[in-house]
Protein chains: 2
Amino acid sequence: MSKQLEFVYDVVSFPTYLAWTQLPTIAEEAGCRLRMTPVFCGGIFKSTGNPGPLSIPAKRKWYFDDLIMRAKHLDVPFVMNPHSPIQTLPIMRGVFVAEEREETDAYVKTMFEAIWVHARNLNEVDEVRATLVEAGLDADAYFAEIQRDDIKSRLRKNTDDAVARGAFGVPTFFVGDQMFFGQDRLDFVQEALRSR
Amino acid sequence: MSKQLEFVYDVVSFPTYLAWTQLPTIAEEAGCRLRMTPVFCGGIFKSTGNPGPLSIPAKRKWYFDDLIMRAKHLDVPFVMNPHSPIQTLPIMRGVFVAEEREETDAYVKTMFEAIWVHARNLNEVDEVRATLVEAGLDADAYFAEIQRDDIKSRLRKNTDDAVARGAFGVPTFFVGDQMFFGQDRLDFVQEALRSR
């Protein structure tokens, strides 16, 4: 299985959640390996001067209307989290802890769903702890390990590398060195995978 | 035929050109009337504080790569016009002249294709004149009539009305009072038309 779909993600983003729900089917249909690349979207925005999708007031209503239509069209559970944007820097550092503990999928699923299905306020440390515990994940271990410098560096490196390869937000996808941006471009991603 | 698809457009925009090429098929399939609403996109951007799609340098490459992929996918002729952005204020005023002369379709087609198929530099008045003449349109009449205050007012009114109804750029579509933005949302437009 040499074909690979790389998914550059931060759980902060609703469109990224929507894309994430589609990945298993897409990877299976394409017969490709899925590479999950955690980044800190706030860092990408800062590096690229991207004011983010909500910077144009007139666009806000459409932004949410559109995403709700897409979620319904995809028939995936979702909620508009009133606490969004969540400060996901510690949560995304946690992905590297999860990798070491060999529970990445469970951790990422827990965090995406806590924010975009259960509308939890993960800006509150107690809510993050409760979310981890309820998912059977070792909250104490996560809270300790995300303080490590090497963990912080790895997230920063992933973020900088994504920017160097052309990313300006999430979700971003790479098929080889071909980049795609947005939950609404999964059809192009699938086309690129088919042509390999 | 009570169903209506409203297309809010300015020939300045490549994605708007792409959407325009799809309208006849969509209207026919949906059995709906097509209402063409000319606006001045620069005016919408100014009113809404929208810096436009090219304001984030890191996004520029993706913006064009993506549109080229879409154009190829749709199998429509296109060219990246090196003179873009074209100052389309006088050209969009011309749509109202075309309406009076009952040659709107020919005029709009001529202008979209001059910019996005033939890469003409419509920033040059001589090129606009040549484009009109070659299409069998009365250049002198257009050049005279677009100076009329009532013509200028009508474009300004359309532009202001579009902003008042939620538009922040082009192409924008309305099905009833439901708004859709972007050439990449024609699937949602079609779904909305089907459900009426």
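Details of the structure are given in the entry above.
This is a predicted model, so every value here is computed, not measured.

Analysis parameters
Residues numbered from 1 in each chain as written. Chains lettered and ligands numbered in written order. Predicted model: local features only at pLDDT ≥ 70, side-chain atom pairs only at ≥ 80, totals over all residues. Pairing = 2+ DSSP bridges. Helix = DSSP H or I, 4+ residues; strand = E, 2+ residues; numbered from the N terminus. Axes fitted to C-alpha atoms, helices over the stretch in contact; angles between N-to-C directions. Contact = placed C-beta atoms within 7 Å. Expected span 1.5 Å × (residues − 1). Buried ≥ 20, exposed ≤ 12 C-beta atoms within 10 Å, placed from the backbone. Right-handed = clockwise from strand over helix to strand, strands pointing away. Parallel < 35°, antiparallel > 145°, perpendicular 65-115°, else oblique. Left-handed = near helix turned anticlockwise from the far one by under 90°. Nonpolar A, V, L, I, M, F, W, Y, C, P; charged D, E, K, R; others polar. Least-squares fit on C-alpha atoms with pLDDT ≥ 70 in both.

Description of the sheet that holds strand 3 (residues 172–175) of chain A
Residue and element names in this part refer to chain A.
Thought 1: Read from one edge to the other, the open sheet built from 4 strands follows the order 2-1-3-4, with strand pairing classed as mixed. The open sheet terminates on both sides in strands that have one partner only, identified here as strand 2 (33–38) and strand 4 (178–181). Going across the sheet, the axis of each strand differs from the next one's by a mean of 20°, ignoring polarity.
Thought 2: Relative to strand 2, helix 8 (residues 149–164) is tilted by about 110°, and along the sheet it contacts strand 1 (4–9), strand 2 and strand 3.

Considering helix 1 (residues 14–30) of chain A
Residues and elements named next belong to chain A.
Thought 1: Helix length check: helix 1 (17 residues) gives 24 Å between terminal C-alpha atoms against 24 Å at 1.5 Å per residue, within 8%.
Thought 2: Regarding helix 1, the residues found buried are Phe-14, Pro-15, Thr-16, Tyr-17, Leu-18, Ala-19, Trp-20, Thr-21 and Ala-30.
Thought 3: Contacts from the buried residues of helix 1 go to strand 1, helix 3 (57–74), helix 5 (104–116) and helix 9 (186–194).
Thought 4: Phi turns positive, to about 60°, at Gly-31, one or two residues after helix 1.

A short note on the pairing of strand 1 (residues 4–9) of chain B
All names here are of chain B.
Thought 1: With 6 bridges joining them, strand 1 and strand 2 (residues 33–38) adopt parallel strand pairing. Among the inter-strand pairings, Val-8 is bridged to a residue of strand 2, identified as Thr-37.
Thought 2: After leaving strand 1, the chain enters helix 1 (residues 14–30) and then returns to the sheet as strand 2, a path that is right-handed.

Overview of the packing of helix 2 (residues 41–48) of chain B against helix 8 (residues 149–164) of chain B
Residue and element names in this part refer to chain B.
Thought 1: At a minimum axis separation of 9 Å, helix 2 and helix 8 run at an interaxial angle of 45°. When the interaxial angle is binned, helix 2 and helix 8 end up oblique. Considering the relative orientation of helix 2 and helix 8, their crossing is right-handed. Along its contact with helix 2, which presents Gly-43, Ile-44, Ser-47 and Thr-48, the element helix 8 presents Thr-159, Ala-162 and Val-163.
Thought 2: For the contact of helix 2 with helix 8, a count of residues per class yields 3 nonpolar, 4 polar and no charged.

A word on the relation of the copies chain A and chain B
Thought 1: In the superposition of chain A on chain B (RMSD 0.0 Å, axial shift 0.0 Å), the rotation amounts to 180°. The superposition operator between the copies reduces to a two-fold rotation axis. If distances are taken from each C-alpha of chain A to the rotation axis, the shortest is found for Asp-184 of chain A, at 4.0 Å.
Thought 2: Residue by residue, 100% of the interface of chain A is reproduced at the interface of chain B, so both copies engage with the same surface.

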